[in-house]
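Fold and geometry: a report
Chain residues, written in single-letter form:
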Amino acid sequence: MAVQNQSLPRHDPLPPVIEPGHSFGSVTDKIASIVQTRKTPLGWIFGFAIGFTGLQLLGISVTYLFYKGTYIWGLNIPCGWGLDIINFVWWIGIGHAGTLISAILLLFRQSWRTSINRFAEAMTLFAVACAGMYPVIHTGRPWLAYWLLPYPNTMQMWPNFRSPLIWDVFAVSTYATVSLLFWFVGLIPDLATLRDRADHPVGKTIYGLLAMGWRGSADHWHRYETAYLLLAGLSTPLVLSVHTIVSFDFAVSQMPGWHATVFPPYFVAGAVFAGFAMVMIIAIPLRKFYGLEDFVTMRHFDYMGRITLATGLFVGYGYMVETFMAFYGGNQYETSLMWYRFGGPYAPLYWMLIFCNIISIQLLWFQRIRQSLPWLFGISIIVSIGMWLERFIIIPVSLSHDFLPSSWGMYYPTFWDWSTFVGTLGLFTSLLFLFIRFLPMISIFEVRTLLPEAQVEERAHG
Amino acid sequence: MSAAHAKTAGDPLVHGLMAEFHSASELVAAASATTRAGYVQYDCYTPFPIEELHEAMPHKRNWLPLLVLMGGIFGGLGGFSLCYWTSVIAYPIIVAGKPLNSWPAFIPITFECTILLASLTAVIGMLGLNGFPMPYHPVFNVPRFAFASRDRFFLCIESTDPKFDLESTWSFLSQLQPMQVSQVDR
C-alpha cells in the first residue's frame, strides 16, 4: 500500500490515478454512499433481476441433472469432458486477474491497482464459486463429493495423490479459501468505516460484527499491513500454481493435444488474459453507472489494455509453440490432431479462436483504442469468447480425435449444458450485484492513502 | 453508551485522555513528542496506515512473520506427511509402475498445504494478536471517535501509563495543539 502519487517526472499523456480535488472525507462519502443509501437504484434492481433469473435456471438445470444423471449433457465416450470442464477452466481462469491485481501488483507497488482491486477480488471469489461447482456436479453424485477429500473412512480407502485431479481439489479449495481471506482482510477497515457511518441500528450491528471491533490503532495497522503483505506474497505463487495444476489435468495425460509441456505457463497467461477482459467488462458499466470516473480513471483502462495485450501475446505464443511442437515432434497422433483442428469439423471454432485471441487484440497497440471505452468493452467481450473457445478446442476437440480412428466421435453440447452455463453466469451476476449493494466496491482506506494529504511531512525532530 | 458515560464520568475509572488531530503530519509530530515526553502506554488511531507513525511510537515486537513462517513449515510438513503416509503406509498401491514414495507427485499438495496453513496463520494470527473480535473498547465512548475511520487522527494516552496524571497529561496534550482533548471513560 505504498504511496506513489508524486508528480510524474516526464510529460505524461495519461490521466492521473485519482482525479484531483478529493479529501479523505469526500472519498469516504462517495464510495460509502453507494452502499449506505435507502434508495436502491432501478438499474440495480433490473440487473439483479436478470442475474437472479439466471440463478433460477441454474437451480432447475442442476436439479434435473441430479434427478437424471450426467447423460443429459452431451457427454459421451470418447468425449467424457465437455462444457462442464470447459466452464470450470474458464471460470477459474477469470478469477486469476483478481488475485493478480490484488497480490502481484501490490508487490510491484503499482498504486493504480487500489481503485480496482476490491471488486476484482470479489470477481475472483464469485468466479471460483462458479468454477468449483462444476467438478462437484460433474461427479453425478454430488452428495458423495466429500469422497474427494482424504479422511479416515470405513471403506479404508484413500485418494490417489499421484493424480492431478486430486491436486486440483487441493489447489482450487486452497485458492478459494485464500482469496476469501484476502478479500475479507482487505474489507475490515472499510467495514469499520461503514459501521461508524451507519445511522440505522441494523446496519450498524451487522457492519460492527463484521468489523470485529476495528478501531484503526497504530499497532493494529502495523500487524494488518504485515498480514496483508504476507498474504500477497503467499497468493502470488498460489495463483500461478492453481492454473498450472489445472493445466496438469491435461498435460500429465497422454492425450494428443493435451500432452504438452507448454501448458502451465500458457494456461496461466490465458487465465490472466481472460480475467482482465472480465474486469473490464465489469468495470466499464459500473464506473459509468455509479459515477466513479474520479477513482477508476482512463489510466486504469490504459494499463489494463496493456496487460491484456501482453498476456494475449503470451497466449498467441503458446498456440504457436503448441503447433510447432506437434509438427517438429513428428508424433503422428499429434500431427493428425493439428490437421484436425485446422481443417476438421471444428475448424471454424479454431479460426474464430485465432481471430478472437490473437488478431482482435492487436488493436490494443494503439493508445486511441486503449482510451476508448466502447472499443475496450468490445475487445473484452471478444477475448472472453475467445478464451472460452480455447478451452473448447483443447478439451472436447482433443478427446474427439484420439489414437484410434475407431474411437473417434463428435461432441455436441445439449440444452442442459448451455442452461447450466447460463445459470452460472446468473449466479456470478447475482453475487456481484449483491456485493455492489452491500459492500464498498472500492477500497476506501487504500484510496485515502493515494491522496496527497496522506503524505506525512517530516517536521524537525527535536 | 450515554448511560455508561453518565455513571463513570469524573470517577477514577478513566481509560485515558484523547487528543484529536486534523492531519497525519500533526499526529506523527504529536506521537514523536509523546514518546519524547516519556509516555509508553499510548496508542494512535488513524483512518489509514501511516508508516512514519509506527517509527515515531515505542517499538513493539511484531510476532506475526514468525508465526506465519511456522504455519507454512507446519503446513508443508503436514501436506507431505499426508501424501506419504496414505500412499506408502495406509494404502500402498502401485500406480503406473511408480514407486510407493513417488515424492515428485506429492509436491503440488505439499505446496498448497504450505500456502493454506501460512495464509490461515497470517489472518488468524493478525486478528488474534490484535485482540479481535473485540465487542467493546473504551475509545468508542468518545463520540468524536467515529471520525477515526474517516478523516481524523487520534492519540490516546492511557491511564495505565506510569506517567499518567489527569491534569498534567491533559495540559501536555493541549500543548500539542490538537483540535480538542477529551476524557475517555472505561
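Residues numbered from 1 in each chain as written. Chains lettered and ligands numbered in written order. Predicted model: local features only at pLDDT ≥ 70, side-chain atom pairs only at ≥ 80, totals over all residues.

Tallying secondary structure elements over chain B gives 6 helices and 4 strands in all. Each helix and strand of chain B, placed in order from N terminus to C terminus, yields the pattern α-β-α-β-α-α-α-β-α-β. Relative to a compact globule of 186 residues, whose C-alpha radius of gyration would be 16 Å, chain B shows 25 Å and is clearly more extended. For chain B, the spread of C-alpha atoms along the three principal axes comes to 80 × 35 × 30 Å. Sequence-distant contacts in chain B: of pairs separated by 6 or more residues, those separated by 24 or more amount to 81%. (Helix = DSSP H or I, 4+ residues; strand = E, 2+ residues; numbered from the N terminus. Rg over C-alpha atoms; globule rule 2.2 N^0.38 Å. Contact = placed C-beta atoms within 7 Å.)

What follows covers the overall build of chain A. Counting its secondary structure elements, chain A contains 15 helices and 0 strands. Taking 462 residues into account, the globule formula puts the C-alpha radius of gyration at 23 Å, and chain A, at 23 Å, falls close to it. The principal-axis extents of the C-alpha atoms in chain A amount to approximately 85 × 55 × 45 Å. Classification of the 462 residues of chain A by burial places 48% in the buried group. Restricting the contact set of chain A to residue pairs at least 6 apart, pairs at least 24 apart contribute 82%. (Buried ≥ 20, exposed ≤ 12 C-beta atoms within 10 Å, placed from the backbone.)

Residue and element names in this part refer to chain B. Judged by how many residues are buried, strand β1 (residues 14–21) sits mostly within the fold: 7 of 8 residues are covered. Where β1 meets strand β4 (residues 180–185), 6 bridges bridge the pair, whose relative direction is antiparallel. In the sheet register, Gly 16 faces β4, and the bridge partner there is Val 184. Across 6 bridges, the pairing between β1 and strand β3 (residues 153–158) is antiparallel. Bridging from a neighbouring strand, Leu 17 pairs with Ile 157 of β3. (Pairing = 2+ DSSP bridges.)

Residue and element names in this part refer to chain A. Counted at 1.5 Å a residue, the expected span for helix α8 (residues 263–290) with its 28 residues is 40 Å, and the 40 Å between its end C-alpha atoms agrees. Among the 28 residues that make up α8, 20 are buried, leaving the element largely enclosed by the rest of the structure. Of the residues trailing α8, Gly 291 is marked for its positive phi of about 60 degrees. (Expected span 1.5 Å × (residues − 1).)

Another point: helix α2 (residues 42–68) of chain A. All names here are of chain A. When the terminal C-alpha atoms of α2 are compared, their 39 Å separation across 27 residues agrees well with the 39 Å that a helix rising 1.5 Å per residue should span. For α2, the full list of buried residues reads Gly 54, Leu 55, Leu 57, Leu 58, Ser 61 and Leu 65. In the segment just after α2, Gly 69 is the residue with positive phi, at about 110 degrees.

This next bit is on the nonpolar core. Counting 183 residues, the largest nonpolar core has Ile92(A), Ala127(A), Val279(A), Leu27(B), Phe154(B) and Leu155(B) as its most contacted members. Looking at this core element by element, the count peaks at 17 residues for α8(A). Residue-level mapping places this core at the junction of two domains, with at least three residues from each of domain 1 (13–61 + 138–185) and domain 2 (64–129) of chain B. With residues near it in sequence (within four places) discarded, Leu155(B) still touches Met18(B), Ala19(B), Phe21(B), Leu27(B), Ala30(B), Ala31(B), Thr34(B), Tyr42(B) and Cys44(B). (Core = buried A, V, L, I, M, F, W, Y, C linked by C-beta atoms within 7 Å. Domains from an automatic or database assignment.)

Counting residues at the interface gives 59 residues for chain B and 53 residues for chain A. Broken down by secondary-structure element, the contributors of at least two residues to the side of chain B that touches chain A are α2 (24–36), β2 (42–45), α3 (51–56), α4 (64–90) and α5 (107–129) of chain B. Counting residues per element, the side of chain B that touches chain A draws most heavily on α5(B), at 13 residues. Looking at the side of chain B that touches chain A residue by residue, the class counts come to 39 nonpolar, 13 polar and 7 charged. (Nonpolar A, V, L, I, M, F, W, Y, C, P; charged D, E, K, R; others polar.)

Turning our attention to the confidence of the model for chain A. Predicted confidence across chain A gives a mean pLDDT of 91, with 96% of residues reaching 70 or more. Below a pLDDT of 50 lies the segment residues 1–9 of chain A, which in the model reaches 17 contacts outside its immediate sequence neighbourhood of four places, other chains included. (pLDDT = per-residue confidence, 0-100.)

Here we come to the packing of α4(B) against α5(B). All names here are of chain B. Running from amino to carboxyl end, α4 crosses α5 at an angle of 150 degrees, the nearest separation of the two axes being 7 Å. Our pair here, α4 against α5, has a crossing hand that is right-handed. Among the residues making up the contact of α4 with α5, the classes are represented as 15 nonpolar, 10 polar and 1 charged. (Axes fitted to C-alpha atoms, helices over the stretch in contact; angles between N-to-C directions. Left-handed = near helix turned anticlockwise from the far one by under 90°.)

When its domains are assigned, chain B resolves into domain 1 (13–61 + 138–185) and domain 2 (64–129). Taken over C-alpha atoms, the centre of domain 1 of chain B sits 44 Å from the centre of domain 2 of chain B.

A separate point is the sheet that holds β2(B). Residues and elements named next belong to chain B. Taken in spatial order, the 4 strands make up an open sheet running β2-β3-β1-β4, and their pairing is antiparallel. Both outer strands of the open sheet, β2 and β4, are each paired with one neighbouring strand and no more. Strand-to-strand, the axes of this sheet are offset by a mean angle of 20 degrees, without reference to chain direction. Across the face of the sheet, α2 comes into contact with β1, β2 and β3 while running at roughly 20 degrees to β3.

All right, on to unusual backbone geometry then. Cis peptide bonds are those with omega within 30 degrees of zero, and the linkage from Ile77(A) to Pro78(A) qualifies with 20 degrees. Among the structural elements, Pro78(A) can be located in the loop between α2 and α3 (83–107). The peptide bond linking Phe132(B) to Pro133(B) adopts the cis configuration, its omega dihedral lying at -5 degrees. Its place among the elements puts Pro133(B) in the loop between α5 and β3. Phi at Met212(A) takes a positive value of approximately 60 degrees, unusual for a residue other than glycine. Relative to the assigned elements, Met212(A) resides in the loop between α6 (201–211) and α7 (218–251). Unusually for a residue other than glycine, Ala96(B) sits at a positive phi of about 55 degrees.

Residue and element names in this part refer to chain A. As for its position among the elements, Arg 215 is in the loop between α6 and α7. Its 22 C-beta neighbours within 10 Å are what place Arg 215 among the buried residues. Sequence separation between Arg 215 and Leu 107 is 108 residues, and the spatial gap between their C-alpha atoms is 26 Å.

Here the focus is the environment of Pro264(A). Residue and element names in this part refer to chain A. Along the chain, Pro 264 turns up in helix α8. For Pro 264, a count of 18 C-beta atoms within 10 Å puts it in the partly exposed group. Between the C-alpha atom of Pro 264 and that of Tyr 151, which follows or precedes it by 113 residues, the distance is 29 Å.

Another aspect to go through is the packing of helix α4 (residues 117–138) of chain A against α8(A). A pair of packed helices is captured by two measures, namely the crossing angle of their axes and the spacing between those axes. Residue and element names in this part refer to chain A. Axis separation between α4 and α8 bottoms out at 11 Å; the angle between their running directions is 120 degrees. Considered as vectors, α4 and α8 are oriented oblique to each other. When you trace α4 past α8, the crossing you get is right-handed. Contacts from Phe 119, Ala 120 and Met 123 in α4 reach Met 278, Val 279 and Ile 282 in α8. Of the residues that constitute the contact of α4 with α8, the class distribution is 6 nonpolar, no polar and no charged. (Parallel < 35°, antiparallel > 145°, perpendicular 65-115°, else oblique.)

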